[in-house]
Amino acid sequence: MAETLEAGGELKKYHVALFVAEAGSGTPTWTQVCKSTDNTITLNAQTAERDFIVDHAPTTIIERYSPSLSEPLTLVKGESDYDFFWKKFYELPVGAKAKGKMLIVFYNDEEKAGGKSKFKSWLCNVLFTFDNLNPVDGTLTVNTNINGTITKGTCEVAGNVPTFTAAA
């Protein structure tokens, strides 16, 4: 499990954990993304401009977000994230084979209940698109688009295995 964030501490890269799984029904088997050199969630706000009759200038509103991630994954054979993404890259997946699930666990937002730690989390349907393989740097860049509605909830992590519970 990653280090939690204490009051007064600053958010660091290891406070936001990314787990991926194959698409499908049933209980997913999660693989943590570990060997990426970036951990940026780009929100991609979808905006609209409204020109209200009482205002001199238009107002911009946010209609929705379309989050995405671009992960330059360092390819370390034998690591679980290597095994997960290399197989997908090699197969050049399209359609349903390019879909998956992502669990984003925010270790900086902890709740304690009954002696257990739960962390705010997002469960997402995603689409994996492969940008480039750079064997000179030993990286595979995977773009991940979050599709549809994000399910918000909490996650318990035991032995690096997350268990997600949707918010009520």
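Residues numbered from 1 in each chain as written. Predicted model: local features only at pLDDT ≥ 70, side-chain atom pairs only at ≥ 80, totals over all residues. Heavy atoms only, no water.

Draft legend 1. How the structure looks around the packing of aromatic side chains. A full pass over the atoms with the stated rule returns eight aromatic pairs. The interplanar angle of 70° and the centroid separation of 6.0 Å between the aromatic rings of Phe 89 and Phe 130 together place this pair among those described as edge-to-face. Of this pair, Phe 89 sits in helix H1 (residues 80-91) while Phe 130 sits in strand S8 (residues 116-134); the two residues are 41 residues apart in sequence, bridging distant segments of the chain. For Phe 89, a relative accessible area of 19% gives the class buried. With centroids separated by 5.2 Å and ring planes inclined at 80°, the aromatic side chains of Phe 106 and Trp 122 adopt a geometry described as edge-to-face. Of the two residues, Phe 106 sits in strand S7 (residues 99-113) while Trp 122 sits in strand S8, which places them 16 residues apart along the sequence. By way of ring pairs, the aromatic residues Tyr 82, Trp 86, Phe 89 and Phe 130 are connected into one cluster. (Phe/Tyr/Trp six-rings, centres within 6.5 Å; stacked < 30°, edge-to-face > 60°. Helix = DSSP H or I, 4+ residues; strand = E, 2+ residues; numbered from the N terminus. Buried < 20%, exposed > 50% of the residue type's maximum accessible area, 1.4 Å probe, protein only.)

Draft legend 2. A nonpolar patch on the surface, seen in detail. On the surface, Leu 43, Ile 62 and Tyr 65 cluster together into a nonpolar patch covering about 300 Å² of accessible area. Note on Leu 43: relative accessible area 39%, which makes it partly exposed. (Patch = residues over 30% accessible without salt bridge, like charges linked within 9 Å, V, L, I, M, F, W, Y side chains within 5 Å. Areas by Shrake-Rupley, 256 points an atom, 1.4 Å probe, with all protein chains shown as cover. Salt bridge = Lys/Arg side-chain N within 4 Å of Asp/Glu carboxyl O.)

Draft legend 3. Expanded view of the pattern of salt bridges. In this structure the tally under the stated criterion is eight salt bridges. The partner of Glu 22 in a salt bridge is Lys 88, with the nearest N and O atoms 3.2 Å apart. With Glu 22 in strand S1 (residues 16-22) and Lys 88 in helix H1, this residue pair connects regions lying 66 residues apart in the sequence. For Glu 22, a relative accessible area of 37% corresponds to the partly exposed category. For the salt bridge of Glu 63 with Arg 50, the shortest nitrogen-to-oxygen distance reads 3.3 Å.

Draft legend 4. Broad picture of the nonpolar core. Among the nonpolar cores identified, the biggest contains 18 residues, and Val 20, Phe 85, Met 102, Ile 104 and Phe 128 are the most heavily contacted of them. The set of elements that each furnish at least two residues to this core consists of S1, strand S6 (68-74), H1, S7, S8 and strand S9 (139-158). What Val 20 contacts, discounting residues up to four positions off in sequence, is Thr 29, Trp 30, Thr 31, Val 33, Phe 84, Phe 85, Lys 101, Met 102 and Phe 128. (Core = buried A, V, L, I, M, F, W, Y, C linked by side-chain atoms within 4.5 Å. Contact = heavy atoms within 4.5 Å.)

Draft legend 5. Region of the structure containing H1. The terminal C-alpha atoms of H1, which comprises twelve residues, lie 17 Å apart, in line with the 16 Å expected from a rise of 1.5 Å per residue. For H1, the secondary structure elements touched by its buried residues are S1, strand S2 (31-32), S6, S7, S8 and S9. Looking one or two places after H1, you find Leu 92, whose phi comes out positive at around 50°. (Expected span 1.5 Å × (residues − 1).)

Draft legend 6. Here's a closer look at the environment of Pro 58. On the secondary structure map, Pro 58 appears in the loop between strand S4 (45-50) and strand S5 (59-65). For the pair formed by Pro 58 and Lys 101, sequence separation is 43 residues and the distance between their alpha carbons is 38 Å. Residue contacts for Pro 58: discarding those within four places in its chain leaves Glu 49, Arg 50 and Asp 51.

Draft legend 7. Structural view of the environment of Asn 108. Within the secondary structure layout, Asn 108 lies in strand S7. If sequence neighbours within four positions are ignored, Asn 108 has contacts with Leu 5, Leu 11 and His 15.

Draft legend 8. A look at unusual backbone geometry. With a phi angle near 50°, Leu 92 is a residue other than glycine that sits in the positive phi range. Within the secondary structure layout, Leu 92 lies in the loop between H1 and S7. In this model, Asn 160 sits at a positive phi of 65°, which is unusual for a non-glycine residue. Inspection of the secondary structure puts Asn 160 in the loop between S9 and strand S10 (161-166).

Draft legend 9. Spotlight on the environment of Glu 63. Relative to the elements of secondary structure, Glu 63 occurs in strand S5. For Glu 63, the side chain forms a polar contact with the side chain of Arg 50, separated by 3.3 Å. (Polar contact = N/O pair within 3.5 Å; in protein donor to acceptor, adjacent residues only side chain to side chain.)

The quantities given are spatial measurements derived from coordinates; they are silent on function.
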